[in-house]
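# Close look at the chain arrangement
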Amino acid sequence: MTLKTPASAAPVAARRPVTRTVHGVELVDEYGWMRAANWQEALRDPAVLPAEITAHLVTENAYAEEALAPLKPLIDTMVSEMRGRIKEDDAGVPMADGPFEYFDRYREGGQHPIVCRRPRGAEAGEQVLLDGDALAAGKAFFDLGGATHSSDHGRLAWSFDDKGSEFFTLRIRDLATGEDLADVIEETGGDAVWSTDASALYYIRLDDNHRPLRIFRHVLGRPVADDALVFEEKDTSVFVGMGEATAGGLALISCSQSDSTETWALDLTDPVAAPWLVLPRLGEIKAYPDYHPDYRGRKTLFIRTNDEAEDYRIVAAPLATPGREHWEEIVPHRPGVLVLSATVLKDWLVRLERENALPRIVIRNLTTSEEHAIAFDEEAYSLGVLSGYEFDTDTLRFVYSSMTTPSETFDYDMRARTRVLRKRQEVPSGHDASAYVTRRLLAPAADGETVPVSLVYHRDTPLDGTAPVLLYGYGSYGHSLPASFSTARLSLVDRGFIYAIAHVRGGMEKGYRWYRTGKREHKANTFRDFIAAAEHLIAAGLTAKGRIVAQGGSAGGMLMGAIANMRPELFAGILAEVPFVDVVNTMLDDTLPLTPPEWLEWGNPITDPEAFRRMLAYSPYDNVRAQAYPPILALAGVSDPRVTYWEPAKWVARLRTAKTDANPVLLLTNMDAGHGGAAGRFDRLAEVARSYAFAVAVTGGRLA
């Protein structure tokens, strides 16, 4: 089986060159017309896109669907396999809060979650709070956002996005009647924080450029137009977030940039309180606080910070005087041991940390300062802490999985040091973990670093250099890729694929330094590391040149575009999902939602000539050239506010003009969704199966 170029001619985009000079360099963009002048309006309603742009995207879709049509039997088979591995009427483990336990579940055949609660400790008495399937009925796209109950358990603030644009509408439901109040709040970030007396809620409203900069207070029953502005950030490079401390009574407002933070506090017990600054911005320092109302007799912030600690340490300070001069070190910095998170409970401080790319949970008794750890023995695995609703508890919930082991949810008694398995992910069609192998390799990079590569493959897969590989990468924003279990992935692995994750620089798998040396002036390390991972898989005899399919999305899609330009001969195909490929033009456009916040990640090409030239050297769109490229499948979302639809559309148009081979370059734009693709769980399977079928086809793989 191979992927063939369709009989129909590939779409030819109109070339309308626009030239401008930036820092003495002439830039020519022949496809800039694809950026709609009314893009802000089109995010809210894609139907208002100019007809010429819509027609081009529709034509591209038709061409891609023609190319992929021979794969439909394989796609359908994979969807059936993937669906067979999902327990359709699955339910989450209930999370206790006072008199109730809250949980999500799915019905047989349901696409969307059902939000429920029941009396604490009971197996019966379920109350459905939100029915996602009913709410989604008749909508081409529906994403259920936040669902936060008030402290008196009488109301639920919930949100939804029905465009894929991530503009969420916020509603309030009376849980006694099941009816929504008349209050409707548009264009929010999706989450809400309740006042302690449940008379009001706080929310973030997005501006016209989709930026989260302002927090409002809404008093129930009053007109939304009268909502009070509580907090406003003037710097458009900042992301504003807000959350209530587990201890309750206090909200923490975060003002984050990629290399610094600022935190304000808000008293939720005072209906007219104003926020006050607790942790000011201090250069390139990050500080993430959590709140304890009575640590050693005083209100205290526990702060995870990289101040004088590249891989973070934890300090404590009085809420009333949280300045650095009052910091008490609780967990010292240990180079190479990255503190990923810190959770404060009444008697415990729980931290998740990572060393040598493997995570562990460390629990500290706040009275005795005694610590103990939870870790596992597999070569590569994923471990996560689930935050609960209750502050005064000895129970910690965590989730473990590996690339061969389905997810397991445990409740851990921190005082007794015993664990109870609350749920093991069920695979209805069956899963024999012993039939699969997971490994961790270290790929040597040219500068002496080693790049971790996590692998999973079937025990019967020949390791003689003939196996196809799907190599996944990301490498930006400090985001680390977990070596976790995926039922969908088995449809590739059972067909003889080795599934590999390259933990490249730009993530934080090997500490904060791993991130720092993969951003801004060091960004090229991300691309070189991915290529080093591919070459190591070949040198280790696991696969061969031209047998590797590369996959990445968003900033990982930029990685795909870069390695396609740099080493196209290594790859059998490229899967670029919502790819950030038009880097220079996007970073020069300060009206786009993410541009000002991202200057600290990539550099500011408007004010910094060196950053501009560095970016120009790797920007995928700007480095397309006359050479042979492997088959490419690019995926986009028409209402995507993060990576706008025109980036992959322009990239594909330029690739087709420049490349010297006959391999297909395909663009599929979801005309009903945004950055995350389809929201329904089974609709999403079809998208995953399509990508995997492409990988099978370009490597000449087997159908079963």
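Quick notes on the rules
- Residues numbered from 1 in each chain as written.
- Predicted model: local features only at pLDDT ≥ 70, side-chain atom pairs only at ≥ 80, totals over all residues.
- Heavy atoms only, no water.
- Helix = DSSP H or I, 4+ residues; strand = E, 2+ residues; numbered from the N terminus.
- Rg over C-alpha atoms; globule rule 2.2 N^0.38 Å.
- Buried < 20%, exposed > 50% of the residue type's maximum accessible area, 1.4 Å probe, protein only.
- Contact = heavy atoms within 4.5 Å.
- Areas by Shrake-Rupley, 256 points an atom, 1.4 Å probe, with all protein chains shown as cover.
- Lys, Arg positive; Asp, Glu negative; His and termini not counted.
- Charge placed at Lys NZ, Arg CZ, Asp CG, Glu CD.
- Axes fitted to C-alpha atoms, helices over the stretch in contact; angles between N-to-C directions.
- Parallel < 35°, antiparallel > 145°, perpendicular 65-115°, else oblique.
- Left-handed = near helix turned anticlockwise from the far one by under 90°.
- Pairing = 2+ DSSP bridges.
- Polar contact = N/O pair within 3.5 Å; in protein donor to acceptor, adjacent residues only side chain to side chain.
- Phe/Tyr/Trp six-rings, centres within 6.5 Å; stacked < 30°, edge-to-face > 60°.
- Lys NZ or Arg CZ within 6 Å of the ring centre and 35° of its normal.
- 1 Å grid on protein atoms, 1.4 Å probe; cavity = no way out; pocket = protein on both sides within 12 Å on 5 of 7 lines; lining within 4 Å.
- Points joined across faces, edges and corners; volume = space filled by probe spheres on them.
- Nonpolar A, V, L, I, M, F, W, Y, C, P; charged D, E, K, R; others polar.

## Comments concerning the overall build of the protein chain
Broken down by element type, the protein chain carries 13 helices and 37 strands. For the protein chain, the C-alpha radius of gyration of 25 Å lies close to 27 Å, the compact-globule estimate for 704 residues. A burial count over the protein chain gives 59% of its 704 residues as buried. Long-range pairs, those at least 24 residues apart, make up 56% of the contacts in the protein chain between residues at least 6 apart in sequence. A total of about 26,700 Å² of accessible surface is found on the protein chain, and carbon and sulfur atoms cover 50% of it. The positive charge centre, built from 75 side chains, and the negative charge centre, built from 98, are 4 Å apart in the protein chain.

## What to know about the packing of helix H3 (residues 72-84) against helix H13 (residues 681-698)
Where H3 meets H13, the closest approach of the two axes is 8 Å, and the angle between their N-to-C directions is 130°. Here H3 lies oblique to H13, going by the angle between them. Along this stretch, H3 crosses H13, giving a crossing that reads as right-handed. Facing H3, whose interface residues are Leu74, Ile75, Met78, Val79, Met82 and Arg83, H13 presents Phe682, Leu685, Ala686, Val688, Ala689, Arg690, Tyr692, Ala693 and Val696.

## A word on the sheet that holds strand S28 (residues 408-413)
An order of S26-S27-S28-S29 is seen for the 4 strands of this open sheet, with the pairing classed as antiparallel. A strand with exactly one partner marks an edge of an open sheet, and here the two such strands are strand S26 (381-386) and strand S29 (418-424). Put simply, the sheet's adjacent strands are angled 25° from each other on average, direction ignored.

## Concerning helix H10 (residues 595-602)
Most of H10 sits inside the fold, with 7 of its 8 residues counted as buried. Residues of H10 that are buried include every one of Thr595, Pro596, Pro597, Glu598, Trp599, Glu601 and Trp602, and no others. Lining the buried residues of H10 we find strand S14 (239-244), helix H6 (512-516), helix H8 (555-566), helix H9 (583-587) and helix H11 (609-618). Phi for Gly603, located one or two positions after H10, is positive at around 110°.

## Regarding the environment of Arg547
Within the fold, Arg547 resides in the loop between helix H7 (524-539) and strand S34 (548-553). What makes Arg547 partly exposed here is its relative accessible area of 23%. Each C-alpha atom, one on Arg547 and one on Ala467, is 7.3 Å from the other, the two residues being 80 residues apart in sequence. Setting aside anything within four residues of it in sequence, one finds Arg547 in contact with Thr466, Ala467, Pro468, Val469, Leu570, Ala572 and Thr699. Among the polar contacts listed, one links the side chain of Arg547 to the backbone oxygen of Thr466, at a separation of 2.9 Å. Among the polar contacts made by the side chain of Arg547, one reaches the main-chain carbonyl oxygen of Thr699 at a distance of 2.5 Å.

## A word on the packing of aromatic side chains
Each aromatic ring pair is specified by the distance between its two centres and by the angle formed by the two planes. Taken as a whole and assessed by the stated rule, the structure comprises 22 aromatic pairs. With centroids separated by 6.4 Å and ring planes inclined at 35°, the aromatic side chains of Tyr288 and Tyr312 adopt a geometry described as tilted. Within this pair, whereas Tyr288 is found in strand S18 (residues 287-295), its partner Tyr312 is found in the loop between strand S19 (298-305) and strand S20 (313-318), the two being separated by 24 residues in sequence. Ring centres of Tyr477 and Trp602 lie 5.7 Å apart, and the angle between their planes is 80°; on these two criteria the pair is classed as edge-to-face. One end of the pair, Tyr477, is in the loop between strand S32 (469-473) and helix H5 (490-493); the other, Trp602, is in helix H10, with 125 residues separating them in the sequence. On the accessibility criterion, Tyr477 (33% relative accessible area) is partly exposed. Ring-pair connections join several aromatic residues into one group, and the members of that group are Phe376, Tyr381, Phe398, Tyr400, Phe410 and Tyr412. Lying across the ring of Phe682, Arg83 places its NZ or CZ 3.7 Å from the centre. Taking NZ or CZ as reference, Arg304 lies 4.8 Å from the ring centre of Tyr312, over its face.

## Focus on the side chain of Arg85
Along the chain, the position of Arg85 falls in the loop between H3 and strand S3 (95-97). A polar side-chain atom of Arg85 sits 3.0 Å from a polar atom in the side chain of Ser491. Those residues in contact with Arg85 that lie beyond four places of it in its chain are Glu426, Val427, Pro428, Ser429, Thr487, Ala488, Leu490, Ser491 and Asp494.

## Thoughts on the layout of surface pockets
By volume, the second largest pocket is sized at about 480 Å³. Contributing to the lining of the second largest pocket are 24 residues, with Leu252, Tyr288, Pro289, Asp290 and Ala342 lying nearest its centre. Elements with a minimum of two residues in the lining of the second largest pocket: S14, strand S15 (250-257), strand S16 (260-267), S18, S19 and strand S22 (337-344).

## Quick look at empty space enclosed by the protein
For the coordinates displayed, the defined rule picks out 1 cavity of 30 Å³ or more. In this structure, the largest cavity occupies an estimated 60 Å³ of space. Around the largest cavity, the lining residues are Trp39, Ala42, Leu43, Val638, Asp640, Thr644, Tyr645 and Trp646. Top contributing element to the lining of the largest cavity by residue count: helix H1 (residues 39-44), with 3 residues. A breakdown of the residues in the lining of the largest cavity according to their chemical character gives 6 nonpolar, 1 polar and 1 charged.

## Observations concerning unusual backbone geometry
Glycine aside, residues mostly have negative phi, and peptide bonds are mostly found in the trans state. Unlike most non-glycine residues, Glu166 shows phi in positive territory, near 65°. Note that Glu166 resides in the loop between strand S8 (155-161) and strand S9 (168-174). Judged by relative accessible area, which is 18%, Glu166 ranks as buried. For Arg520, which is not glycine, the phi torsion reads 45° and is therefore positive. Of note, Arg520 is situated in the loop between H6 and H7.

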